[in-house]
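# Summary of the model geometry
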Amino acid sequence: DAKTTQPNSMESNEEEPVHLPCNHSTISGTDYIHWYRQLPSQGPEYVIHGLTSNVNNRMASLAIAEDRKSSTLILHRATLRDAAVYYCILNTGGFKTIFGAGTRLFVKA
Amino acid sequence: DVKVTQSSRYLVKRTGEKVFLECVQDMDHENMFWYRQDPGLGLRLIYFSYDVKMKEKGDIPEGYSVSREKKERFSLILESASTNQTSMYLCASSHGQGDYYGYTFGSGTRLTVV
């Protein structure tokens, strides 16, 4: 199953943009890129997903590299409530999706 | 608001006890999953089910079993709890088999085995 690589942690200042990177060099043509986030004491929640084109929703934007081997989750203005662990996963259509350790985002006031 | 509900947020059990973790979803999803989450290890898949009465092993099924008698309910069973099964357990569901279908997770059950 395809795997992703993310930094262990990142730090941001409140109200500044945050760019969370993800490498997925073994991605196949039909794999969707999904992002989830996990707030303290909660289960992961869906943030955004995409296949080839960049995507925007009310929570975030997803920028996908042209070769699809990397992607970036963009939080346009970080708030203290965005402090969480962010997971980048490849949804391969199978059932054994791999969730790695994710990136722990710290937001400073 | 659609959701996945796990019956307990916190549970303390003794070594050797049989433990049942219950999960119910109200989205008519075909697929249901049980993960465990430990510090530094991410989420690891224990079992999943793609239909009623169907189950498949995930990456770490040893010491666990599951039951899915109804579409909306997926139970995780620890046959004889051990201290190394102390963990956060997360239930999730998803619809169909399309690559674009995402997961909806419950809030988790933190199990401590003493």
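So, here is what we can say about the structure in this document. Being a predicted model, the structure only gives us computed values, none of them experimental. (Residues numbered from 1 in each chain as written. Chains lettered and ligands numbered in written order. Predicted model: local features only at pLDDT ≥ 70, side-chain atom pairs only at ≥ 80, totals over all residues. Heavy atoms only, no water.)

## Re the overall build of chain B
In plain terms, the rule: A helix here means a DSSP run of H or I that spans at least four residues, while a strand means a run of E at least two residues long, and both kinds are numbered starting from the N terminus. Two things to know: the radius of gyration comes from C-alpha atoms, and the globule rule equals 2.2 Å times the number of residues to the power 0.38. Whether a residue is buried, partly exposed or exposed follows from its accessible area with a 1.4 Å probe, protein chains only, as a fraction of its type maximum: under 20%, in between, or over 50%, in that order. Only heavy atoms matter for contacts: two residues are in contact if any of them lie within 4.5 Å across the pair. Per-residue and other accessible areas were derived by the Shrake-Rupley procedure at a 1.4 Å probe size, with only the shown protein chains allowed to occlude residues.
A count of helices and strands for chain B gives zero helices and eleven strands. Moving toward the C terminus, one meets the helices and strands of chain B in the order β-β-β-β-β-β-β-β-β-β-β. Taken against the 2.2 N^0.38 rule, which gives 13 Å for 114 residues, the C-alpha radius of gyration of chain B at 13 Å falls within 12% of a compact globule. Over its C-alpha atoms, taken along the principal directions, chain B stretches across nearly 40 × 30 × 25 Å. Counting every position in chain B, which comprises 114 residues, the buried fraction comes to 48%. For chain B, long-range pairs separated by at least 24 residues make up 55% of all intrachain contacts whose partners lie at least 6 apart in sequence. When the accessible surface of chain B is totalled, it reaches about 5600 Å², and 49% of it is carbon and sulfur.

## Considering the pattern of salt bridges
Note the threshold: Any Lys or Arg side-chain nitrogen found within 4 Å of a carboxyl oxygen on Asp or Glu counts as a salt bridge.
Applying the stated rule across the entire model yields nine salt bridges over all chains. Across the pair Lys71(B) and Asp28(B) runs a salt bridge, and its minimum N-O distance is 3.0 Å. Placement of the pair is Lys71(B) in the loop between strand 7 (64-70) and strand 8 (73-78) and Asp28(B) in the loop between strand 3 (19-25) and strand 4 (31-38), with a sequence separation of 43 residues. By relative accessible area, which is 27% here, Lys71(B) ends up partly exposed. For Arg44(B), the salt bridge is made with Asp38(B), and the minimal N-O distance between the two is 2.7 Å. For Asp38(B), a relative accessible area of 12% puts it in the buried group. Because the salt bridges share partners, they merge into one network encompassing Arg37(A), Glu45(A) and Asp82(A).

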